[in-house]
Amino acid sequence: GPKYPQVVVLFGATGDLSKRKLLPGLFHLVSAGFIPGCRIIGVSLDDIDADAFRAVARDALNQFLSRRMSEEDWSAFAQILDYVPLSAGAGALKEAVRRAEASLAGETRLMHYLSVPPAAALPAVRMLAEAGLTEHCRIIMEKPFGTDLASATVLNARLHEVFDEEQIFRIDHFLGKEAAQNILAFRFANGLFEPIWNRNFIDHVQIDVPETLGLGKRSGFYEATGAYRDMVVTHLFQILGFMAMEPPTSLEPAPISEEKNKVFRSMLPIDPKDVVRGQYAGYREEEGVDPISETETFIALKCQIDNWRWAGVPFYLRTGKRLAEGQRIISIAFREPPKSMFPAGSGVGAQGPDHLTFDLADASKMSLSFYGKRPGPGMRLDKLSMQFAMRDTDMLGEVLEAYERLILDAMRGDRTLFTTAEGIERLWQVSVPLIENPPPVRLYAPGSWGPKSIHQLIAPHAWRLPF
Ligand code: BG6
């Protein structure tokens, strides 16, 4: 954990992410002793006082903590919570920060967390500047970082007027998932896989993150965001960066972002013809949604990384709300053998190509599927598989949730799993053709796998899900 006690200023403190992940995450980090002292100052539009904020936090912990919270743990946590409504202004925030610092022993560190939609990010930064709270601090920014290339460039420029890049931690919680970091271990800690990790052996890659979740209470955020900005330009592309990058010279932050950014630079602009946008039937009737909304709740697309390793290998990405299953997989399909001596009808190839699949579910799971002989006379083939699940080992110990892990890293100043201004601007740049010319949204039935045209998009291949 970090060396110094932390004062956390949490913008968007009463919002969905704060309730679901940030307050529970901070609670766990504090009560399990990862942080040597902490004060949390909630900030939001809600005109409430500190006691009312504590009540909000308590409800959130009761609902979203994975373990039970004891009365002592709660009262200890309640004492470190404070609240400043936005309407109270910069002066009140500064006061609250000074009070919090004074209540902690010795040297402290200041951490701002902007858990707010893109339009609210700059006003929050201005408030921090006005309060004189921008020096010797760190700031965690939530995605999406802007809504397109122009707004992301402005956001970064404004941020850089107030903060050094070193102070800014752009969080992408998918990179905090154990399984995402395991991609690096799997690729670079073994001699077996890296030699085949290229266009000579790999036919195509799928990054597939269907969700069963609907909007919940997030229609305000989601209507203005949609599946592409919410999931693809952030999480899915970052995972693609880990999958596709060259071996970094070391695991330090700079070499890793350098290699990821090279992948992003090699990506071809997203062609709207290679994109299926969908909206689940009934979305327009949800509370807070425009009855003629064109916001996509589903997106599937093909993208290409035009470099020596990957030229000609399509990467298919898919994600959406209210789909048939909740899954987060990366699946690598290998090329067919150059010649098949197995007779027609033996079953070879009948169940698709052989695959390596990573499951990004929190504990990490992998499987390798391949053809093998079925016992019995003749040569009949079937798809077999080898599986590894972290859950079945005794290695789990104290698992940190993705957010917990990343908040701790930021508090320690470790930027390895955070994204950079350059990488993000490049990802918006490859998005320009799609954002300027989005194909119309197609309806899909809740509980399905998306609009029918997803099959054309991936043909002659097939989606790996459902298993
Ligand atoms: C968030 C998106 O960043 O990621 C949500 O805003 C999405 O819409 C969530 O549901 C998925 O994260 P996870 O960790 O549950 O896979």
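The structure we're discussing is the one just above.
Residues numbered from 1 in each chain as written. Predicted model: local features only at pLDDT ≥ 70, side-chain atom pairs only at ≥ 80, totals over all residues. Heavy atoms only, no water.

Caption draft 1: Empty space enclosed by the protein, seen in detail. Using the criterion set out here, one finds four cavities of 30 Å³ or more in the structure. There is about 70 Å³ of room inside the largest cavity. Contributing to the lining of the largest cavity are Phe145, Asp172, Val233, Thr234, Gln238, Thr419, Ile424, Leu427 and Trp428. Contributing elements (two or more residues each) for the lining of the largest cavity: helix H9 (226–244) and helix H12 (421–436). The residue inventory of the lining of the largest cavity, partitioned by class, reads five nonpolar, three polar and one charged. (1 Å grid on protein atoms, 1.4 Å probe; cavity = no way out; pocket = protein on both sides within 12 Å on 5 of 7 lines; lining within 4 Å. Points joined across faces, edges and corners; volume = space filled by probe spheres on them. Helix = DSSP H or I, 4+ residues; strand = E, 2+ residues; numbered from the N terminus. Nonpolar A, V, L, I, M, F, W, Y, C, P; charged D, E, K, R; others polar.)

Caption draft 2: Highlighting the packing of aromatic side chains. Under the criterion given, the structure shown has 13 aromatic pairs. Judged by centre distance (6.3 Å) and plane angle (75°), the ring pair of Tyr280 and Tyr444 falls under edge-to-face. Residue Tyr280 is located in strand S8 (residues 275–280), and its partner Tyr444 is located in strand S15 (residues 442–444); the two are separated by 164 residues in the primary sequence. Centre to centre, the rings of Tyr316 and Trp463 are 6.2 Å apart; their planes meet at 70°, and the pair counts as edge-to-face. A residue pair is termed long-range when its members are at least 10 positions apart, and Tyr316 in strand S10 (residues 314–320) and Trp463 in the segment after helix H13 (454–458) qualify at 147 residues. The residues Tyr316 and Trp463 share a single accessibility class, namely buried. (Phe/Tyr/Trp six-rings, centres within 6.5 Å; stacked < 30°, edge-to-face > 60°. Buried < 20%, exposed > 50% of the residue type's maximum accessible area, 1.4 Å probe, protein only.)

Caption draft 3: Fine view of the sheet that holds S8. Here nine strands make up an open sheet; going across it, the order is S14-S13-S12-S11-S7-S10-S9-S8-S15 and the pairing mixed. At either end of the open sheet lies a strand with only one pairing partner, and these are strand S14 (381–389) and S15. Put simply, the sheet's adjacent strands are angled 20° from each other on average, direction ignored. Note that S8 and S15 share three bridges and pair parallel. Bridging from a neighbouring strand, Gln279 pairs with Leu443 of S15. (Pairing = 2+ DSSP bridges. Axes fitted to C-alpha atoms, helices over the stretch in contact; angles between N-to-C directions.)

Caption draft 4: Main features of the layout of surface pockets. Estimates place the volume of the second largest pocket at around 580 Å³. When residues of the lining of the second largest pocket are traced back to their parent elements, those giving at least two are strand S7 (202–210), strand S11 (329–334), strand S12 (355–359), strand S13 (365–373) and S14. A class-by-class count of the residues in the lining of the second largest pocket yields eleven nonpolar, twelve polar and seven charged.

Caption draft 5: Up close: the sheet that holds strand S5 (residues 137–141). Ordered in space as S3-S2-S1-S4-S5-S6, the six strands form an open sheet in which the pairing is parallel. What marks the edges here is a single partner per strand, and that holds for strand S3 (81–85) and strand S6 (168–170). Pairwise comparison of adjacent strand axes, ignoring direction, gives a mean angle of 20° for this sheet. As judged from the six bridges shared by strand S1 (residues 6–11) and strand S4 (residues 109–114), these two strands associate in the parallel manner. In the strand pairing of S4, Phe11 is matched with Leu114. Across the sheet, helix H1 (residues 16–31) is in contact with S1, strand S2 (38–44) and S4; its angle to S1 comes to roughly 175°. Against the sheet, helix H5 (residues 118–130) engages S1, S4 and S5, with an angle of about 155° to S4. (Contact = heavy atoms within 4.5 Å.)

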